[in-house]
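Structural features, examined
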Amino acid sequence: MDWTKLIFDLIDLRSFSNLWYWIALAVTWSSASHWVLGIPYDMVLRARRTGGQAEADLEDIARINVSRILYIVREAGVILLAMLAFALTTLALLGFVYKVEFAQAVFLIAAPLTVVGLMSVTTARRIVEEGDRGEALRRRLALHRVGVQVIGMISTFVTAFWGMLQNFNISVLPG
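Note that the coordinates shown come from a computational prediction; the quantities given were computed from them, not determined experimentally.

Conventions adopted
- Residues numbered from 1 in each chain as written.
- Predicted model: local features only at pLDDT ≥ 70, side-chain atom pairs only at ≥ 80, totals over all residues.
- Heavy atoms only, no water.
- Phe/Tyr/Trp six-rings, centres within 6.5 Å; stacked < 30°, edge-to-face > 60°.
- Buried < 20%, exposed > 50% of the residue type's maximum accessible area, 1.4 Å probe, protein only.
- Helix = DSSP H or I, 4+ residues; strand = E, 2+ residues; numbered from the N terminus.
- Polar contact = N/O pair within 3.5 Å; in protein donor to acceptor, adjacent residues only side chain to side chain.
- Contact = heavy atoms within 4.5 Å.
- pLDDT = per-residue confidence, 0-100.

1. Comments concerning the packing of aromatic side chains
Remark: the centre distance and the inter-plane angle together describe each pair of aromatic rings, the angle taken between the planes. Applying the stated criterion to the full structure yields 5 aromatic pairs. Relative to Tyr21, the ring of Phe16 has its centre 5.5 Å away and its plane inclined at 80 degrees; by these criteria the two rings are edge-to-face. Here Tyr21 and Trp22 contribute two aromatic rings whose centre-to-centre distance is 5.2 Å and whose plane-to-plane angle is 80 degrees, an arrangement assigned as edge-to-face. Classification of Trp22 as partly exposed rests on a relative accessible area of 25%. Taken together, Phe16, Tyr21 and Trp22 form an aromatic cluster joined through their ring pairs.

Written out as structure tokens, the structure is:
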């Protein structure tokens, strides 16, 4: 009995048939929808329920995170955008032209997260421009979270569809 073959048959190392990839995908989107602009969403809910100090804490952390996001975009936005474009293009070419399944898998997580990042910058700018506080801030964060969840659902559907297609095209049965 060849133990190496048995282990590799038991643990499939391809991305779309690997349970760890799907766990990572679920954790990624769960985290993305929980941390809205770097703010844990339970703070938004607590501020809505209790007000007072929880509301002040939410406004403080929102001000800090929004300022941080906008500072990063202002200081290094062009360089980060160029690096991101290079990385996504490399992943897309490796994955979909050269058929590297791992690159496809990473691209299907990274590309939608890029859209979420751009949405975050837009939301941060709107919060500053409109001076959102209190109910307006909570509403803006809630709408941003819904947008992230919609992108996550579409991304998960597309990834699942693509993964099933890849698994069907790569036959496990010999012959």
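2. Let's talk about the side chain of Thr123
Along the chain, the position of Thr123 falls in helix H5 (residues 101–130). Within polar-contact distance, the side chain of Thr123 engages the side chain of His144 at 3.0 Å. Leaving out residues up to four positions away in the same chain, Thr123 has contacts with Leu37, Arg140 and His144.

3. Examining the confidence of the model for the protein
The predicted structure's coordinates, where accompanied by low pLDDT, should not be read in detail. With 92% of its residues at a pLDDT of 70 or more, the protein shows a mean pLDDT of 92. When pLDDT is averaged over each element of the protein, helix H4 (residues 52–97) comes out on top at 97 and helix H1 (residues 3–10) at the bottom at 67.

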